[in-house]
Amino acid sequence: MTTATAPQHDLPDDLPPRLTRLTFHGPLSEARATAMVRRLAGVQPGSVLDIGCGWGELMLRLLAAVPRAHGVGVDVNAADLERGRRAAGARGLAGRVEFAEESAMGTGRGPADVVLCLGASQALGDDLGPALRELRRLVADGGRVLLGEGFWQRTPTEAELAGMWPGASPSDHHDLATLVDLAVAAGFRPEWIETASLDEWEEFESAYQADTEVWLATNPAHPLATETRARLDTHRAAWLTYRGVLGLAYLTLVPTKA
Ligand SMILES: C[S@@+](CC[C@H](N)C(=O)[O-])C[C@H]1O[C@@H](n2cnc3c(N)ncnc32)[C@H](O)[C@@H]1O
């Protein structure tokens, strides 16, 4: 009797890569990031707080631009935080930044001169209104909040919603005007309103999967291949459904005085 033997894989050295092709964990071009850093550096912040920082690429660039500034990034993802610490060390910023593994929900951090919250308002709560009021609490008077937040570019159809993410609903996002109105109601004025372009989305979503797609193509018999293929296919189908429907707004917000 012969026994079919699957190729032996030496876990965990042989795992699919994770997000190695991304610079930012969102649709953000080098040109826009440079302009944002320049705008925020103009405030001459002494302190930067990055909510749901991941590996904190934009925070690190802001700290590099403002040598007196100290930063704290909070996130619950240990691997991304470690990537941030490695990047800080490589750029000589380790003494001016802390990557803290903790939830941002009800955080005792802040207030800070600049608060970054990029694709991460869910870290402050499910409802955007309260999350925006929390950002107002976390930023010092005279400071800035840079919020990266999803919005509907147009109302999605029922068929599109069914193809996006489990339980996707029109109430998951606002339109851009309502989003900015909510920020104003929470105690801000918008200094700058901009939105990710289709090019930025395509760059981001391609880079999001590219390393794992290449890994899968060369490791089709790996024990993790089946679940990896399913994850990639599900995400690609969702992305190609929300492409052009889901937007990402970057709002540079000035807190109004109480
Ligand atoms: C789309 S990523 C954005 C990461 C980063 N802001 C960036 O732009 O590169 C969202 C991040 O929010 C983090 N997050 C989710 N819930 C959180 C919570 N309760 N507290 C802190 N971070 C959280 C996730 O771990 C993830 O790193």
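Structure's up top.
Note that the coordinates shown come from a computational prediction; the quantities given were computed from them, not determined experimentally.

Another aspect to go through is the packing of aromatic side chains. The tally for this structure, following the rule as stated, stands at seven aromatic pairs. The interplanar angle of 65° and the centroid separation of 6.1 Å between the aromatic rings of Trp-201 and Tyr-242 together place this pair among those described as edge-to-face. Of this pair, Trp-201 sits in helix α7 (residues 198–218) while Tyr-242 is found in helix α8 (residues 225–242), placing the two residues 41 residues apart along the sequence. We classify Trp-201 as buried; its relative accessible area is 7%. On the basis of relative accessibility, which here comes to 7%, the residue Tyr-242 falls in the buried class. Through a chain of ring-to-ring contacts, three or more aromatic side chains come together here, namely Trp-152, Trp-165, Trp-201, Phe-204, Tyr-208, Trp-239 and Tyr-242. A cation over an aromatic ring shows up here: Arg-83 above the ring of Trp-55, its NZ or CZ 3.8 Å from the ring centre.

On to the nonpolar core. Among soluble globular proteins, nonpolar side chains are generally buried collectively. Counting 43 residues, the largest nonpolar core has Leu-58, Leu-62, Phe-99, Leu-116 and Trp-201 as the members making the most contacts within it. Residue contributions to this core reach at least three from each of two domains, namely domain 1 (30–155 + 165–197 + 244–255) and domain 2 (200–239). Setting aside its immediate chain neighbours within four residues, Leu-116 contacts Leu-40, Val-48, Leu-49, Asp-50, Ile-51, Leu-58, Met-59 and Leu-146. Residues Ala-112, Ala-120, Ala-183 and Ala-249 belong to the second largest nonpolar core, which totals 29 residues.

Let us look at the sheet that holds strand β2 (residues 70–75). Strand order in the open sheet made by the seven strands is β3-β2-β1-β4-β5-β7-β6, with mixed pairing throughout. Looking at strand neighbours, the two that pair on one side only are β3 (97–101) and β6 (188–195), the edges of this open sheet. The sheet shows a mean angle of 15° between the axes of neighbouring strands, direction not considered. One ladder, built from six bridges, connects strand β4 (residues 112–118) with strand β5 (residues 139–152); its direction is parallel. Each residue of the ladder has a partner; that of Val-114, found in β5, is Arg-144.

This brings us to unusual backbone geometry. Of the consecutive residues Gly-110 and Pro-111, the connecting peptide bond is found in the cis state with omega at -5°. Here the phi dihedral of Leu-19 falls at roughly 60°; this positive angle occurs in a residue that is not glycine. Within the fold, Leu-19 resides in the segment before α1 (30–41). Here Gln-44, not a glycine, exhibits a phi torsion of approximately 50°, which is positive. Turning to its location among the elements, Gln-44 is positioned in the loop between α1 and β1 (47–51).

This brings us to the site of the ligand. Neighbouring the ligand are 15 residues; Gly-52, Asp-75, Ser-103, Ala-104 and Leu-118 lie closest to it. Between Asp-75 and the ligand, the recorded distance is 2.6 Å, taken from a side-chain N or O atom to an oxygen atom. Residue Ala-104 places a main-chain N or O atom 2.9 Å away from a nitrogen atom belonging to the ligand. Here the ligand has 600 Å² of accessible area as a free molecule, and 82% of this is covered by the chains.

Most of β2 sits out of view: five of its six residues are buried. Direction of pairing for β1 relative to β2: parallel, over a ladder of five bridges. If you follow Ile-51 over to β2, its bridge partner there is Val-74. Handedness of the crossover joining β1 and β2 through helix α2 (residues 57–65): right-handed. Note: β2 against β3, five bridges, orientation parallel. Bridge pairing in β3 links Gly-73 to Phe-99. After leaving β2, the chain enters helix α3 (residues 78–90) and then returns to the sheet as β3, a path that is right-handed.

Calculation criteria
- Residues numbered from 1 in each chain as written.
- Predicted model: local features only at pLDDT ≥ 70, side-chain atom pairs only at ≥ 80, totals over all residues.
- Heavy atoms only, no water.
- Phe/Tyr/Trp six-rings, centres within 6.5 Å; stacked < 30°, edge-to-face > 60°.
- Helix = DSSP H or I, 4+ residues; strand = E, 2+ residues; numbered from the N terminus.
- Buried < 20%, exposed > 50% of the residue type's maximum accessible area, 1.4 Å probe, protein only.
- Lys NZ or Arg CZ within 6 Å of the ring centre and 35° of its normal.
- Core = buried A, V, L, I, M, F, W, Y, C linked by side-chain atoms within 4.5 Å.
- Domains from an automatic or database assignment.
- Contact = heavy atoms within 4.5 Å.
- Pairing = 2+ DSSP bridges.
- Axes fitted to C-alpha atoms, helices over the stretch in contact; angles between N-to-C directions.
- Near = heavy atom within 4 Å.
- Polar contact = N/O pair within 3.5 Å; in protein donor to acceptor, adjacent residues only side chain to side chain.
- Areas by Shrake-Rupley, 256 points an atom, 1.4 Å probe, with all protein chains shown as cover.
- Right-handed = clockwise from strand over helix to strand, strands pointing away.

Geometric values such as these leave the question of function open.
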